[in-house]
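Each chain, written out:
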2 protein chains.
Amino acid sequence: MDLQKSPLAPASFPPMADISGVRFATVAAGIKYKGRTDLMLAEFVPGTTVAGVFTNSKTASAPVLKCREYLPGGQARALVVNSGNSNAFTGRRGEESVDHILKAVADAVGCAESEVFSASTGVIGEPLPHNLIVDAMPGLQGALGGTTWQQAAEAIMTTDTYPKGVSRTTKIGDTEVHINGFVKGSGMIAPDMATMLGYIFTDAAIGADVLQALLAPASDASFNCITVDSDTSTSDTVMMFATAQAGNAAPQGVNDPALNDFKRALDEVTLDLAHQVVRDGEGATKFVAITVTGAENDLAAKRIGLSIANSPLVKTAIAGEDANWGRIVMAVGKAGEAADRDKMGILIGGVQVTQDGMRVEGYDEAPVVKHMQGQEIEIEVEVGIANGRATVWTCDLTHGYISINGDYRS
Amino acid sequence: MDLQKSPLAPASFPPMADISGVRFATVAAGIKYKGRTDLMLAEFVPGTTVAGVFTNSKTASAPVLKCREYLPGGQARALVVNSGNSNAFTGRRGEESVDHILKAVADAVGCAESEVFSASTGVIGEPLPHNLIVDAMPGLQGALGGTTWQQAAEAIMTTDTYPKGVSRTTKIGDTEVHINGFVKGSGMIAPDMATMLGYIFTDAAIGADVLQALLAPASDASFNCITVDSDTSTSDTVMMFATAQAGNAAPQGVNDPALNDFKRALDEVTLDLAHQVVRDGEGATKFVAITVTGAENDLAAKRIGLSIANSPLVKTAIAGEDANWGRIVMAVGKAGEAADRDKMGILIGGVQVTQDGMRVEGYDEAPVVKHMQGQEIEIEVEVGIANGRATVWTCDLTHGYISINGDYRS
């Protein structure tokens, strides 16, 4: 099917920094799609460290299982990603496909298989035609360096309607370093984990342990705070690669003050990418930020926020531009976390709608309706228990979601 | 909006038994809807016992809170239900509305307020115009007895497209007794609790404690095993009234063998009503039964079943008649319960699709596609851990759901 570009998409793919030590190549390997690239190879200089977070799914895909196995080595020389087929629920045969692919990449790049990380995204349960990937590898290796960040991001898309990238320049100590990232994802998005394929690259020198300790909380505050449809991919992967080409002194640990700026920049990168995923949510016409305050703790606040963000009734009301705050009350109630009905307050677009457990006296719906007609919806809920706080992000639920998922076999 | 009758609706409202000791009246009180009844009064003979199960929502409605307060008394003389307004999240004012209503009913029927049970269903957060209900009460009382079961069921409907009733005749010991029930519900249906308004009536003599012990497990195996949209009402209520007019000896306890037939009949009544709710699921075009076997225990099986039943991707695939079993694998994986990927098997419409963690050799999709084109969809999933087993029921997710909930303020 032809997918229209999301109305919430950024104007264009952003300018990206140079990250010394990483080169890309892409090709149309013909795995499933016609007339577009579907295979991406990234090669890293020796000494590149790696971190990763993966799906919590009990039916994780074969590439995810292999990434988990090799991650403790901490070294990466290559990343290979195909779209069109997720190689998930493909049994023993799927594991063999991963072995074939990693061997082909290791041969092409000249490294150990344990330094190669892979991912596959697309339809679940179809055997992956790994020969197409293996056969393409020598050509891909020869083409390394001629591919832009945007082209790399495009090769891993499935139902995405635009490529999603972000770039930041920051410092570690006095040394300028860069962080680039790209991500794919628009359906099967739920925040129980790293919810998509996301790749982040830096030219900084950062040991693998520190890199992992940086990536995990940054993912938790971004990728794990978004939801499109409450569904969780079998292939979710966020990885980060540090090529050590910038010349900074390697941080002594995750609490090294030299990392302060870098942490902030990394948080910006992961949050920007996470928001881009929501903005490309299948059928999305509105970007929704939900902030919960006054919960028992931050985790409780996040659970309440996600209960609202995942509620089909809230999401369809937003699609219909209906300021139906009763459904927000319902979603708070079903979250299972403490909420004091008589101290609850709801703001929509900054306008107080309820206070002390009931609609405000003389409630004027007009400014709220006006806010609901915009593309950026803000919902704040105070639940009146303690000081727990969280913000989560989602999109509305529209006819577009039904059309995409009733027709497309993803 | 005009709602088309669900294509999954039964041919007609069933013939209902006479239940001696209960009389109904309904009226168009003008609470919200035009041109239809929206207020129902049931009067019970003295000595009628009562049982109930209610929403687990942390934002339960004012009537639910009051029902909980009076339920331990075990005696019921009246039930009053309005549609069009749920009197939920209406704060102190909502509680006062309930007090006014209960007093008016108690005066009209001639009983204590603690013997009156009420429910309200409809929009959340609007003050309930309780004067309309109070003023209607003398007229309603005068009209008692002239109203059919179907008319009573119709008065409490909101987005329902047909009234839902069921009737069974059974025995306690050697005495013939009857069970009638009706229910409303088609959206905001999730199985964390009694998920709708449901009322069950019997002419049997059954003590309140035994009645409660009968109702709770029957609800759990029926109303708590269905989901339309994973959303949970603030007003969910299932109550059961026993008028003691049939002349049976009151059972000695819930394990009294004289109750064996009655239990079976009650299970049939609750399951039939629960299925009718799913068949009237907002926008539903397919009725879906999902059976999970091989889970760690029955609760784990139910959680996996509900993860499948609540997955928007599974439900849209069913709407699209797409045998996309990969999404079932995904939903099993995200449930968080143990599942052995390499022992998993999926059957659709009785056809083995996967076995031992991958698609069966020589898989022929044709019979599965044919099954998906029907109105009754059967999915079986073996997860390969132990002997836990559960069946849950849901409907598909269609454009109709989006239309109903993007337009209608429920």
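Along each chain, residues carry numbers from 1 onward, in the same order as the chain's sequence is written. Here every chain gets a letter starting at A, and every ligand a number starting at 1, in the order they are written. For a predicted model such as this one, the threshold for reporting local features is a pLDDT of at least 70, and the threshold for listing and counting side-chain atom pairs is 80 or more; totals across whole chains, interfaces and linings nevertheless cover every residue. Only heavy atoms go into the side-chain values, all of them from the structure, while hydrogens and water stay out.

### Description of the overall build of chain A
Here is the rule we go by: A run of DSSP states H or I qualifies as a helix once it reaches four residues; a run of E qualifies as a strand once it reaches two. Both are numbered from the N-terminal end. Type-normalised accessible area, obtained with a 1.4 Å probe on protein chains alone, sets the label of each residue: buried when under 20%, exposed when over 50%, and partly exposed for intermediate values. Here a residue-residue contact requires only that any non-hydrogen atoms of the pair lie within 4.5 Å. None of His or the chain ends enter the tally, which takes Lys and Arg as positive and Asp and Glu as negative. The atoms used to mark charge sites are NZ of Lys, CZ of Arg, CG of Asp and CD of Glu.
Tallying secondary structure elements over chain A gives 11 helices and 15 strands in all. Along the first, second and third principal axes, the C-alpha atoms of chain A reach 70 × 50 × 40 Å. The buried share among the 410 residues of chain A stands at 63%. In chain A, the share of contacts with a sequence separation of at least 24, taken over all contacts with a separation of at least 6, comes to 81%. Here chain A contributes 31 positive and 48 negative side-chain charges, whose respective centroids are spaced 3 Å apart.

### Side note on the domain arrangement of chain A
Residue and element names in this part refer to chain A. Stated formally: A domain assignment, automatic or from a database, supplies the domain bounds used here. Summed over both partners, the accessible surface that disappears when two parts come together, traced with a 1.4 Å probe, is what is meant by buried area. The salt bridge criterion pairs a side-chain nitrogen of Lys or Arg with a carboxyl oxygen of Asp or Glu, the two atoms within 4 Å. N or O atoms closer than or at 3.5 Å make up a polar contact, with two conditions inside protein: a donor-capable atom paired with an acceptor-capable one, and, for residues adjacent in sequence, both atoms drawn from side chains. In this count, Pro and Cys sit with the nonpolar residues alongside Ala, Val, Leu, Ile, Met, Phe, Trp and Tyr, while Asp, Glu, Lys and Arg are called charged and the others, Gly among them, polar.
What the domain assignment lists for chain A is domain 1 (22-279) and domain 2 (287-407). Each partner contributes to the roughly 1,200 Å² buried at the junction of domain 1 and domain 2, and carbon and sulfur atoms together form 61% of this total. Ranking the residues of domain 1 by area buried against domain 2 places Cys225, Thr227 and Arg279 at the top, with a combined share of 39%. Summed over the shared surface of domain 1 and domain 2, the result is one salt bridge. With its nearest N and O atoms 3.0 Å apart, the salt bridge here joins Glu376 to Arg279. The interface formed by domain 1 and domain 2 holds four residue pairs in polar contact (both at pLDDT 80 or more) in total. In terms of residue count, helix H6 (residues 260-279) provides more of the side of domain 1 that touches domain 2 than any other element does, four residues in total. A per-class count over the side of domain 1 that touches domain 2 returns seven nonpolar, five polar and three charged.

### Focus: the pattern of salt bridges
If you walk through the whole model with that rule in mind, you get 34 salt bridges over all chains. A salt bridge links Glu95 of chain A to Arg341 of chain B; the shortest N-O distance between them is 2.7 Å. Of this pair, Glu95 of chain A sits in helix H2 (residues 91-109) while Arg341 of chain B sits in the loop between helix H9 (325-334) and strand E12 (345-348), which puts the two residues in different chains. Across the pair Glu321 of chain A and Lys286 of chain A runs a salt bridge whose closest N-O atoms are separated by 2.6 Å. Placement of Glu321 of chain A in the loop between helix H8 (312-319) and helix H9 (325-334) and of Lys286 of chain A in the loop between H6 and strand E10 (287-295) is noted, with a sequence separation of 35 residues between them. Judged by relative accessible area, Lys286 of chain A falls into the buried class, the value being 3%. Salt bridges sharing common partners tie together Arg92, Glu95 and Glu96 of chain A together with Arg341 and Asp342 of chain B.

### Concerning the sheet that holds strand E12 (residues 351-355) of chain A
Residue and element names in this part refer to chain A. Quick reminder of the rule: For two strands to be treated as a pair, DSSP must find no fewer than two bridges joining them. Throughout, an axis means a line fitted to C-alpha atoms (over the contacting stretch in the case of helices), and angles, computed between N-to-C directions, take values from 0 to 180 degrees.
In spatial order, the strands read E13-E12-E11-E14-E10-E15; together these six strands make up an open sheet with mixed pairing. Since the sheet does not close on itself, it has two edges, and those belong to strand E13 (358-359) and strand E15 (388-395), each with one partner. Bridging between E10 and E15 involves seven bridges; their strand directions are antiparallel. Opposite Thr291, over in E15, you have Thr391 as the bridge partner. Running at roughly 25 degrees to E15, helix H7 (residues 298-310) makes contact with E10, strand E14 (376-382) and E15 of the sheet.

### Remarks on the nonpolar core
Note the following rule: Throughout, nonpolar core names a set of buried Ala, Val, Leu, Ile, Met, Phe, Trp, Tyr and Cys residues whose side chains join them through atoms within 4.5 Å.
Counting 159 residues, the largest nonpolar core has Phe262 and Ile308 of chain A together with Phe262 and Ile308 of chain B as the members making the most contacts within it. Excluding anything up to four places from it in sequence, Phe262 of chain A contacts Thr170, Lys171, Ile172, Val177, Ile179, Thr202, Ala204, Ile206, Leu214 and Met240 of chain A.

### Looking at helix H7 (residues 298-310) of chain B
Residue and element names in this part refer to chain B. Applicable threshold: Each helix should span, by expectation, one fewer than its residue count multiplied by 1.5 Å.
An ideal rise of 1.5 Å per residue puts 18 Å on 13 residues; H7 measures up with 18 Å between its terminal C-alpha atoms. The complete set of buried residues in H7 reads Ala300, Ala301, Lys302, Ile304, Gly305, Leu306, Ser307, Ile308 and Ala309. A distance of 3.1 Å separates the backbone nitrogen of Leu299 from a side-chain oxygen at the start of H7, and that oxygen is part of Asn297.

### A closer look at the packing of H2 of chain A against helix H3 (residues 130-143) of chain A
Geometrically, a packed helix pair is captured by the angle between its two axes and the distance between the axes. Residue and element names in this part refer to chain A. Note the threshold: Convention used here: angles under 35 degrees read as roughly parallel, angles over 145 as roughly antiparallel, angles from 65 to 115 as roughly perpendicular, and any remaining angle as oblique.
For the pair H2 and H3, the least separation of the axes is 9 Å and the interaxial angle reads 10 degrees. With respect to H3, the element H2 is oriented roughly parallel. For the pair H2 and H3, the contacting residues are Ser97, His100, Ile101, Ala104, Val105, Ala108 and Val109 in the first and His130, Ile133, Val134, Met137 and Gln141 in the second. Looking at side-chain class alone, the contact of H2 with H3 contains eight nonpolar, four polar and no charged residues.

### Some remarks on the interface of chain B and chain A
Contact with chain B, which involves 61 residues of that partner, is made by 62 residues of chain A. A combined buried area of about 5,200 Å² lies between chain B and chain A, and 56% of that area is made up of carbon and sulfur atoms. At the surface where chain B touches chain A, the tally comes to four salt bridges. Where chain B meets chain A, there are nine residue pairs in polar contact (both at pLDDT 80 or more). Where the side of chain B that touches chain A is concerned, the elements lending two or more residues are helix H1 (62-70), helix H2 (91-109), helix H8 (312-319), H9, strand E14 (358-359) and helix H11 (399-407) of chain B. A per-element tally of the side of chain B that touches chain A places H9 of chain B first, with seven residues.

### Observations concerning the relation of the copies chain B and chain A
Note the threshold: Copies overlap after least-squares fitting; the atoms used are the C-alpha atoms of residues with pLDDT of at least 70 in both.
Superposition record for chain B on chain A: RMSD 0.0 Å, screw rotation 180 degrees, translation along axis 0.0 Å. Taken together, the rotation angle and the small translation identify this as a two-fold axis. Using C-alpha coordinates, one finds that chain B approaches the rotation axis most closely at His399 of chain B, a distance of 2.8 Å. In this assembly, 100% of the residues forming the interface of chain B have copies in chain A that are likewise at the interface, indicating an isologous arrangement.

### Focus: unusual backbone geometry
You will see that Glu321 of chain A, though not glycine, has its phi angle at about 55 degrees, which is positive. You can call Glu321 of chain A partly exposed: its relative accessible area is 33%.

### Observations concerning the pairing of strand E13 (residues 351-355) of chain B
Residue and element names in this part refer to chain B. Sheet analysis places E12 next to E13, joined by three bridges and oriented antiparallel. Across the sheet, Leu347 pairs through a bridge with Gln352, a residue of E13. Adjacent in sequence and paired antiparallel, E12 and E13 are bridged by two residues, among which Gly349 carries a positive phi angle near 60 degrees. Bridge count for E13 against E14 is two bridges, and the pairing is antiparallel. Note on E14: the bridge partner recorded for Thr354 is Arg359.

### Brief notes about the packing of helix H1 (residues 62-70) of chain A against H2 of chain A
All names here are of chain A. So the rule is basically this: A crossing counts as left-handed when the near helix is turned anticlockwise from the far one by less than a right angle, and as right-handed when that turn is clockwise.
In contact at an axis separation of 9 Å, H1 and H2 are set at 55 degrees when each is read in the N-to-C sense. As summarised for this structure, H1 and H2 are arranged oblique, according to the angle between their axes. Here the hand of the crossing between H1 and H2 comes out right-handed. Between H1 and H2, the contacting residues are Ala62, Pro63, Lys66 and Tyr70 on the first element and Gly94, Glu95, Val98, Asp99 and Leu102 on the second.

### Examining the packing of aromatic side chains
We apply this condition: When two rings of Phe, Tyr or Trp (its six-membered ring) have centres within 6.5 Å they constitute a pair, described as stacked for plane angles under 30 degrees, edge-to-face for angles over 60, and tilted for the intermediate range.
Using the criterion set out here, one finds 22 aromatic pairs over all chains in the structure. Where Phe44 of chain A meets Phe241 of chain A, the ring centres are 4.3 Å apart and the plane angle is 20 degrees; that geometry is what we call stacked. Of this pair, Phe44 of chain A sits in strand E2 (residues 39-44) while Phe241 of chain A is found in strand E9 (residues 237-242), placing the two residues 197 residues apart along the sequence. Taking 6.3 Å as the distance between ring centres and 65 degrees as the angle between the ring planes, the aromatic pair formed by Trp149 of chain B and Phe182 of chain B counts as edge-to-face. Note that Trp149 of chain B is positioned in helix H4 (residues 149-155) and Phe182 of chain B in strand E7 (residues 175-184), a separation of 33 residues in sequence. Note on accessibility: Trp149 of chain B and Phe182 of chain B belong to one class, buried. Taken together through their ring pairs, the aromatic side chains of Phe24, Phe44, Trp149, Phe182, Tyr199, Phe201 and Phe241 of chain A make up a single cluster.

### Examining the environment of Gly73 of chain A
On the secondary structure map, Gly73 of chain A appears in the loop between H1 and strand E4 (78-85). Along the chain, Gly73 of chain A and Ala152 of chain A lie 79 residues apart, while their C-alpha atoms are 25 Å from each other.

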